[in-house]
Amino acid sequence: MNRVRITPTRWPRVYTFWTMCLLALLPIVAGGAGLAGGARAQAPPESGTDPGMIKGPADAPVTIVEFSDYQ
Amino acid sequence: MNEYDGRVRLVFKDLPLPSHALARPAAEAARCAGALGRYWPYHDRLFASQPAFERDDLIRYAVETGLPREPFSRCLAERRFASAVEADVAQAGALGVRSTPTFLINGRPFVGAQPIENFRAVIDDALRVAR
């Protein structure tokens, strides 16, 4: 049987290959986690609205955010 | 709003569509009116006066709703609220809102000018869930 033997001289090369793969994947994984986190942390749509453009009490159980144009 | 007094809060966001050339100046004008303390009367006036939103119209509506002509005209000319309107447009894009009117009722999308009964049904449902 042909066995691949990892000789002491091959170790560094194998190690380097998988390390490079992991390093290459790291930004993708981290980026995905960042997007997911960003979506979770997205501010409610009413945030940042000029108070003059809001009607009704802040503690109302229902908030209607209306996106509209005048024309 | 009167029907649901104290139980509903309305947040208005500007989404002037690119196909409506005069919608953006109208939105900016409404914010100028707001800065002078008359946002909702002016807002209602704009909806009642669609689609006449040339500059002179916007100034005339301001005067007719009790706003001082000079500071309103200056605010409009300086486009003081252009970036604020743009921020709403960007937020709409981020939320996937593409058409007007779009309502988010406790976060639930409700698209288009629908019959009042449909609104009542969604609001009543949201009130039940919130209880």
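Within each chain, residues carry numbers counting from 1 in the order of the written sequence. Chain labels run from A onward and ligand labels from 1 onward, assigned in the order the entries are written. Local features in a predicted model are, by the rule used here, given only for residues with pLDDT of at least 70; side-chain atom pairs are given and counted only at 80 or more, and totals for whole chains, interfaces and linings are based on all residues.

Counting residues at the interface gives 23 residues for chain A, matched by 40 residues for chain B. When residues of the side of chain A that touches chain B are traced back to their parent elements, those giving at least two are strand E1 (54–55) and strand E2 (62–68) of chain A. Considering each element in turn, the side of chain A that touches chain B owes the most residues, seven residues, to E2 of chain A. Partitioning the side of chain A that touches chain B into residue classes produces 12 nonpolar, six polar and five charged. By the bridge criterion, seven bridges tie E2 of chain A to strand E1 (residues 8–14) of chain B in an arrangement that is parallel. Each bridged residue has a counterpart across the sheet, and for Val 62 of chain A the counterpart in E1 of chain B is Val 8 of chain B. Remark: residues whose backbone-derived C-beta atoms lie within 7 Å of one another are considered to be in contact. By the criteria applied, helices consist of DSSP H or I runs no shorter than four residues and strands consist of E runs no shorter than two, each listed in order from the N terminus. Gly counts as polar in this scheme, as do all residues outside two lists: the nonpolar Ala, Val, Leu, Ile, Met, Phe, Trp, Tyr, Cys and Pro, and the charged Asp, Glu, Lys and Arg. Note: two strands are recorded as paired if DSSP finds a minimum of 2 bridges between them.

How big an interface is tends to be stated in terms of accessible area lost as the parts join. Either an automatic procedure or a domain database provided the assignment from which the domain bounds are taken. Partitioning chain B into domains gives domain 1 (15–96) and domain 2 (101–131). Just the C-alpha atoms count here: the centres of domain 1 of chain B and domain 2 of chain B sit 26 Å apart.

On to the confidence of the model for chain B. Detailed conclusions should not be drawn from predicted coordinates in areas where pLDDT is low. Every residue carries a pLDDT, the predictor's confidence in it, which falls somewhere between 0 and 100. Looking at chain B as a whole, its pLDDT mean stands at 96, while 100% of the residues score no less than 70. Reported for the predicted complex are a pTM of 0.77 and an ipTM of 0.93.

What follows covers the packing of helix H1 (residues 23–35) of chain B against helix H2 (residues 39–48) of chain B. Residues and elements named next belong to chain B. Structural elements are reduced to axes, namely lines fitted to C-alpha atoms, with helices fitted over the stretch in contact, and the angle between N-to-C directions of any two is expressed from 0 to 180 degrees. With their axes 7 Å apart at the nearest point, H1 and H2 run at an angle of 155 degrees to one another. By the angle between their axes, H1 is roughly antiparallel relative to H2. When the axes of H1 and H2 are compared, the crossing they make is right-handed. Two secondary-structure elements touch here, H1 through Ala 26, Ala 30, Ala 33 and Gly 34 and H2 through Tyr 39, Tyr 42, His 43 and Leu 46. Note on terminology: angles under 35 degrees are roughly parallel, angles over 145 are roughly antiparallel, angles of 65 to 115 are roughly perpendicular, and the others are oblique. Here is the rule for handedness: rotate from the far helix to the near one, and if that takes an anticlockwise turn smaller than a right angle the crossing is left-handed, while a clockwise turn gives right-handed.

What follows covers the nonpolar core. As a rule of thumb, soluble globular proteins bury nonpolar side chains together. All names here are of chain B. We call a set of buried Ala, Val, Leu, Ile, Met, Phe, Trp, Tyr and Cys residues a nonpolar core when their C-beta atoms link them within 7 Å. Note on burial: count the other C-beta atoms lying within 10 Å of the residue's C-beta; 20 or more is buried, 12 or fewer is exposed, in between is partly exposed, and C-beta positions come from the backbone. Of all hydrophobic cores here, the largest spans 38 residues; its most connected members are Ala 26, Ala 30 and Ala 33. With seven residues, H1 is the single largest residue contributor to this core. Both of domain 1 (15–96) and domain 2 (101–131) provide at least three residues apiece to this core. Ignoring anything within four residues of it in the chain, the contact list for Ala 33 reads Arg 38, Tyr 39, Tyr 42, Ala 62, Leu 67 and Phe 72.

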